[in-house]
Amino acid sequence: MAVDAGLLDWVAEAVEPMGNLTHRKMMGGATLYLDGTVFAIISSDDVLWFKADAESDAVWDAAGCDRFTFQMKDRLATMNYRRAPDDVFDDADALREWAALGLEAGRRAPAKKTRLK
């Protein structure tokens, strides 16, 4: 399944003043980057999720934004992403506000260790 091009285009247009948006395919969805920093994902069911962390969780909780969960063999697992509020889909300013929160969480995340080949 391919990512909804309309959703990807909307996010790119809305965050354009914040930096350069790039994306990589990921398990039927996409990982979104602003100037090289992960700030969001689009899941395989075309849902937009912003990066979160312990520092931003209270804001996400107050807005009622669900945590990204998925079923593993024997348990329900979570990732540090929160469902985008509904207003981001028709309000570019709102999308930028929430994307900024995701970008801040992405910048606080520990750097990935590079693998030796």
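What you see as residue numbers is a count from 1 along each chain, following the sequence as written. Since the coordinates come from a predicted model, pLDDT governs what is reported: local features require at least 70, and pairs of side-chain atoms require 80 or more to be given and counted, while whole-chain, interface and lining totals use all residues. Hydrogens and waters are ignored; side-chain quantities use all the structure's heavy atoms.

- Per an unreviewed UniProt entry, the protein chain is named Competence protein TfoX, and its organism is Sphingomonas koreensis.

**Some words on helix 3 (residues 92-108)**
Thinking step 1. Given a rise of 1.5 Å per residue, 17 residues ought to cover 24 Å, and the 24 Å separating the end C-alpha atoms of helix 3 matches this to within 8%.
Thinking step 2. Relative accessible area decides the class of each residue, using a 1.4 Å probe on protein chains only: under 20% of the type maximum gives buried, over 50% gives exposed, and in between gives partly exposed. Strands are runs of DSSP state E lasting at least 2 residues, helices are runs of H or I lasting at least 4, and numbering of each runs from the N terminus. Every buried residue of helix 3 is accounted for by Ala94, Leu95, Trp98, Ala99, Leu101, Gly102, Leu103, Ala105 and Gly106. Expected span of a helix, by definition, is 1.5 Å for each gap between consecutive residues, and there is one gap fewer than residues.

**Notes on the packing of helix 1 (residues 5-15) against helix 3**
Thinking step 1. Contact geometry of helix 1 with helix 3 gives a least axis separation of 9 Å together with a crossing angle of 85 degrees. Compared by their axis directions, helix 1 and helix 3 come out roughly perpendicular. In this structure, helix 1 uses Trp10, Val11, Ala14 and Val15 to contact helix 3, whose residues at the interface are Ala92, Leu95, Arg96 and Ala99.
Thinking step 2. Note that Gly is not counted as nonpolar here; it falls among the polar residues with everything else outside the nonpolar set of Ala, Val, Leu, Ile, Met, Phe, Trp, Tyr, Cys and Pro and the charged set of Asp, Glu, Lys and Arg. The residue makeup of the contact of helix 1 with helix 3, split by class, is seven nonpolar, no polar and one charged. Here, axes are lines fitted to C-alpha atoms. For helices the fit covers the stretch in contact, and angles between N-to-C directions go from 0 to 180 degrees. For classification purposes, angles smaller than 35 degrees are called roughly parallel, those larger than 145 roughly antiparallel, those between 65 and 115 roughly perpendicular, and all remaining angles oblique. By definition in these notes, contact holds between two residues if any of their heavy atoms fall within 4.5 Å.

**Thoughts on the pairing of strand 2 (residues 29-34)**
Thinking step 1. Counted residue by residue, strand 2 has six buried out of six residues, so it is predominantly covered.
Thinking step 2. Of the two faces of strand 2, the one carrying Gly29, Thr31 and Tyr33 and the one carrying Ala30, Leu32 and Leu34 are both buried.
Thinking step 3. Examined bridge by bridge, strand 1 (residues 21-26) and strand 2 share six bridges and lie antiparallel to one another. When the bridges of strand 2 are listed, Arg24 appears paired with Thr31. DSSP-based pairing: two strands are paired if at least 2 bridges between them are found.

**Description of the sheet that holds strand 6 (residues 76-83)**
Thinking step 1. Spatially, 1-2-3-4-6-5 is the arrangement adopted by the six strands of the open sheet, whose pairing is antiparallel. Across the chains shown, the open sheet's two edge strands, defined by having one partner strand only, are strand 1 and strand 5 (67-71). Neighbour-to-neighbour, the strand axes of the sheet open up by a mean angle of 40 degrees, direction not taken into account.
Thinking step 2. Both strand 2 and strand 3 (residues 37-42) contribute to a ladder of five bridges, which runs antiparallel. Paired with Leu32 across the bridge in strand 3 is Ala40.

**What to know about the pattern of salt bridges**
Opposite charge on two side chains allows them to pair when their charged atoms are near.
Thinking step 1. Basic side-chain nitrogens of Lys or Arg form a salt bridge, by our definition, when they fall within 4 Å of a carboxyl oxygen of Asp or Glu. Taken as a whole and judged by the stated rule, the model has six salt bridges.
Thinking step 2. Linking Arg67 and Asp57 is a salt bridge whose minimum nitrogen-to-oxygen distance equals 3.4 Å. One end of the pair, Arg67, is in strand 5; the other, Asp57, is in helix 2 (residues 57-62), and ten residues separate them in sequence.
Thinking step 3. A relative accessible area of 15% means that Asp57 is categorised as buried.

**Some points on the UniProt feature "domain: TfoX N-terminal" (unreviewed entry) in the protein chain**
Thinking step 1. UniProt positions are given in the numbering used here, feature names are shortened, and annotations may be inferred rather than shown by experiment. According to UniProt, the "domain: TfoX N-terminal" (unreviewed entry) feature falls on residues 14-105.
Thinking step 2. Measuring from the first to the last C-alpha atom of residues 14-105 gives 19 Å, for a span that is 24% helix and 38% strand.

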